[in-house]
Amino acid sequence: MKTLFEELNTVIPYYVFGHRMPSAEEVRRAILSASNLFTFCEEERSFQYFARKEVLKGYLLYFLPVSLNKIYFILKETLRHPALRPNQGNVNILDLGCGITPSILAFLELYREKEFPNVHLDYTGIDMDPNALKVARDLTQTLIPPERRVNYRFLKMDLRQESSFSELKNFHPHILIMANSLGEIVSQGVPLVNLSKKLGILILENNLTAVFIEPGTKKASQRLHFLRDFFTQQYRITPYSPCPHHLPCPALKNKNWCYEEWPWESPDYLHFLEPVGLQIRHLKLSYTVFTSGNYRLLETFPSHEGPVIKCTSHLIKEKSKSRLWGCMEGELRDIEKLERDYTPKDPWLTIRKGAYFSASSFIPLSGKYRLPKDASITVLYHPPCG
């Protein structure tokens, strides 16, 4: 059986271009039109950008598979924790600002993989753009067979309005998804602190898992770091992932930002776009997951010595040593290991950006930490592949 993502490789081009395969130039022109709008014109675009046909085409061809893969991998990571894996009954999914990327499609792939075979999925996608809702409904009807245990609906609602968040309580969500919509709401004049309050209360008042995803740009990531710090400080909600601690974000504190860069197998029709600067080998994103029960991804790791460290950079090879930046106990640490101290099949050399690892001992130096030869290093988890 084909995966959902393999089906999308065929369904999307045919849907976009009226049941015919497009030329490479048509694909390139549409994707660049959408890419320019979302990369360089955040302050200028309105909520009705999907009324522009070229933007809609480009978003469907490029951003839709990108976003769905991000949602899928984050959900897969969340389901590592046994307490967060639904076993039976209804699972209510609330997708705020679903756009034309309804997260139910990522849930469908997990359903096919039997991640939760005995549950009934009840999905509500909310957006204020009727153009987006129509496309989302079309795709869902095309890709979800009638025999699947899935209910879905799409509702027009303006999340900038105070009354909207009062209505959201009536959905009693178990899982909340907010992918690439936090920044859009803020850019339309809603103060980030006000939006953070509403979302925090929604988490506290429901027994739910909340997934927030934003682009991996500096501005979008810092916005998400603010939301994360607001939740931890104002509501004592501990991040599930990707943060290894509940202390203030050290990246934000240093006017920096933290993002993920995950390997990705892009659709075949995108492969020729690498020379124009689009990401087709990696998913670049910033995300945070919260749970009402304050569960933590760290609870799924094997036993280890020393603190858990989140690698926030690539491994940097220098003369006679290699180093990386790690987030540990609320601080960004510059950590190095000398070549002379490498061991056979040294796990240190396998650490990639985004990985979690532990080390049993460090040597403090001026402004950095060195791993001694006898330090025990354990790579605990490499997202998104485990």
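Everything below is about the structure shown above.
This is a predicted model, so every value here is computed, not measured.

## Observations concerning the overall build of the protein chain
Here comes step 1: Helices and strands together make up the secondary structure of the protein chain, namely 10 helices and 16 strands.
Here comes step 2: With respect to the principal axes defined by its C-alpha atoms, the protein chain has extents near 60 × 50 × 45 Å.
Here comes step 3: Scored against the burial criterion, the 386 residues of the protein chain give a buried share of 56%.
Here comes step 4: The long-range share in the protein chain, meaning contacts at least 24 apart out of those at least 6 apart in sequence, stands at 73%.
Here comes step 5: Put simply, the protein chain shows about 16900 Å² of open surface, and 51% of that area lies on carbon and sulfur atoms.
Here comes step 6: Seen as two clouds, the 48 positive and the 41 negative side-chain charges of the protein chain have centres 2 Å apart.

## Here we look at the pairing of strand 4 (residues 175–179)
Here comes step 1: Most of strand 4 sits out of view: 5 of its 5 residues are buried.
Here comes step 2: Looking at chain direction, strand 1 (residues 89–96) and strand 4 are connected through 3 bridges and run parallel. Considered in strand 4, the bridge of Asp 95 is made with Ile 177.
Here comes step 3: In the sheet, strand 4 pairs with strand 5 (residues 209–215) via 5 bridges, with the strands oriented parallel.

## A look at the pattern of salt bridges
Where side chains of opposite charge bring their charged atoms close, a pairing between them can arise.
Here comes step 1: Under the counting rule described, the total for this entry stands at 24 salt bridges.
Here comes step 2: For Lys 321, the salt bridge identified is with Glu 318, shortest N-O distance 3.9 Å.
Here comes step 3: Among the residues examined, Glu 318 registers a relative accessible area of 30% and is labelled partly exposed.
Here comes step 4: Residue Glu 336 pairs with Lys 368 through a salt bridge whose shortest N-O separation is 3.4 Å. Placement of Glu 336 in strand 12 (residues 331–338) and of Lys 368 in strand 15 (residues 368–370) is noted, with a sequence separation of 32 residues between them. Side by side, Glu 336 and Lys 368 carry an identical accessibility label, which is buried.
Here comes step 5: Three or more residues are tied together by salt bridges with common partners; here these are Glu 318, Lys 321, Arg 323, Asp 334, Glu 336, Lys 368 and Arg 370.

## As for helix 8 (residues 192–205)
Here comes step 1: Compared with an ideal rise of 1.5 Å per residue, which puts 14 residues at 20 Å, helix 8 spans 20 Å between its outermost C-alpha atoms and is within 8% of the ideal.
Here comes step 2: Within helix 8, burial applies to Leu 192, Leu 195, Ser 196, Lys 198, Leu 199, Gly 200, Leu 202 and Ile 203.

## Points about the pairing of strand 8 (residues 282–291)
Here comes step 1: Where burial is concerned, most of strand 8 is hidden: 8 out of the 10 residues are buried.
Here comes step 2: Two strands pair when backbone bridges link them, and strand 5 and strand 8 are joined in this way by 7 bridges, in the antiparallel orientation. Looking at the pairing, Ile 213 lines up with Tyr 287 of strand 8.
Here comes step 3: Relative to strand 8, strand 6 (residues 239–241) is paired through 2 bridges, and the arrangement is antiparallel. Directly across from Pro 239, in strand 8, lies its bridge partner Phe 290.
Here comes step 4: Of the pairings in the sheet, the one linking strand 7 (residues 260–263) to strand 8 comprises 4 bridges and is antiparallel in character. Note that in strand 8 the partner of Trp 262 across the bridge is Leu 283.

## Considering the packing of aromatic side chains
Here comes step 1: Applying the stated criterion across every chain yields a total of 22 aromatic pairs.
Here comes step 2: Ring centres of Phe 5 and Tyr 72 lie 5.4 Å apart, and the angle between their planes is 75 degrees; this geometry places the pair in the edge-to-face category. With Phe 5 in helix 1 (residues 4–16) and Tyr 72 in helix 3 (residues 53–78), this residue pair connects regions lying 67 residues apart in the sequence. By the burial criterion, Phe 5 is buried, and Tyr 72 matches it.
Here comes step 3: Through successive ring pairs, a cluster of aromatic residues spans Phe 212, Phe 226, Phe 230, Phe 231, Tyr 235 and Phe 290.
Here comes step 4: Over the aromatic face of Tyr 381 sits the side chain of Arg 80, whose NZ or CZ is 4.2 Å from the ring centroid.
Here comes step 5: The ring of Tyr 259 has Lys 284 lying over it, and the distance from NZ or CZ to the ring centre is 4.9 Å.

## Concerning the environment of Glu 167
Here comes step 1: Within the secondary structure, Glu 167 sits in helix 6 (residues 162–168).
Here comes step 2: A sequence separation of 85 residues divides Glu 167 from Pro 82, and the C-alpha atoms of the two residues are 31 Å apart.

## Side note on the packing of helix 8 against helix 9 (residues 218–234)
Here comes step 1: At their nearest, the axes of helix 8 and helix 9 sit 10 Å apart, and the two run at 50 degrees to each other. Classed by the angle they form, the pair helix 8 and helix 9 counts as oblique. Of the two possible hands of crossing, helix 8 and helix 9 adopt the one that is right-handed. Each of Leu 192, Val 193, Ser 196, Lys 197, Leu 199, Gly 200 and Ile 203 in helix 8 lies in contact with helix 9, whose residues at this interface are Arg 223, Phe 226, Leu 227, Phe 230 and Phe 231.

## Topic: the nonpolar core
Here comes step 1: The biggest cluster of nonpolar side chains holds 78 residues, and the ones touching the most others in it are Ile 12, Leu 60, Leu 61, Ile 104, Phe 107 and Leu 121.
Here comes step 2: Per-element accounting of this core gives the leading share, 15 residues, to helix 3.
Here comes step 3: Sequence-distant contacts of Leu 60, that is, excluding residues within four places in its chain, are made with Ile 12, Tyr 15, Val 16, Pro 65, Ile 100, Val 135, Leu 139 and Tyr 269.
Here comes step 4: Core analysis: the second largest hydrophobic core is formed by 26 residues, Met 157, Leu 176, Met 178 and Ile 203 among them.

## Some details on unusual backbone geometry
Here comes step 1: That bond from Ser 241 to Pro 242 is cis: its omega, 0 degrees, falls within 30 degrees of zero.
Here comes step 2: With respect to the helices and strands, Pro 242 occurs in the loop between strand 6 and helix 10 (250–253).
Here comes step 3: Put simply, Pro 383 and Pro 384 share a cis peptide bond, and its omega is 0 degrees.
Here comes step 4: Relative to the helices and strands, Pro 384 resides in the segment after strand 16 (377–381).
Here comes step 5: Although it is not a glycine, Asn 180 sits at a positive phi angle of roughly 60 degrees.

Criteria and cut-off values
- Residues numbered from 1 in each chain as written.
- Predicted model: local features only at pLDDT ≥ 70, side-chain atom pairs only at ≥ 80, totals over all residues.
- Heavy atoms only, no water.
- Helix = DSSP H or I, 4+ residues; strand = E, 2+ residues; numbered from the N terminus.
- Buried < 20%, exposed > 50% of the residue type's maximum accessible area, 1.4 Å probe, protein only.
- Contact = heavy atoms within 4.5 Å.
- Areas by Shrake-Rupley, 256 points an atom, 1.4 Å probe, with all protein chains shown as cover.
- Lys, Arg positive; Asp, Glu negative; His and termini not counted.
- Charge placed at Lys NZ, Arg CZ, Asp CG, Glu CD.
- Pairing = 2+ DSSP bridges.
- Salt bridge = Lys/Arg side-chain N within 4 Å of Asp/Glu carboxyl O.
- Expected span 1.5 Å × (residues − 1).
- Phe/Tyr/Trp six-rings, centres within 6.5 Å; stacked < 30°, edge-to-face > 60°.
- Lys NZ or Arg CZ within 6 Å of the ring centre and 35° of its normal.
- Axes fitted to C-alpha atoms, helices over the stretch in contact; angles between N-to-C directions.
- Parallel < 35°, antiparallel > 145°, perpendicular 65-115°, else oblique.
- Left-handed = near helix turned anticlockwise from the far one by under 90°.
- Core = buried A, V, L, I, M, F, W, Y, C linked by side-chain atoms within 4.5 Å.

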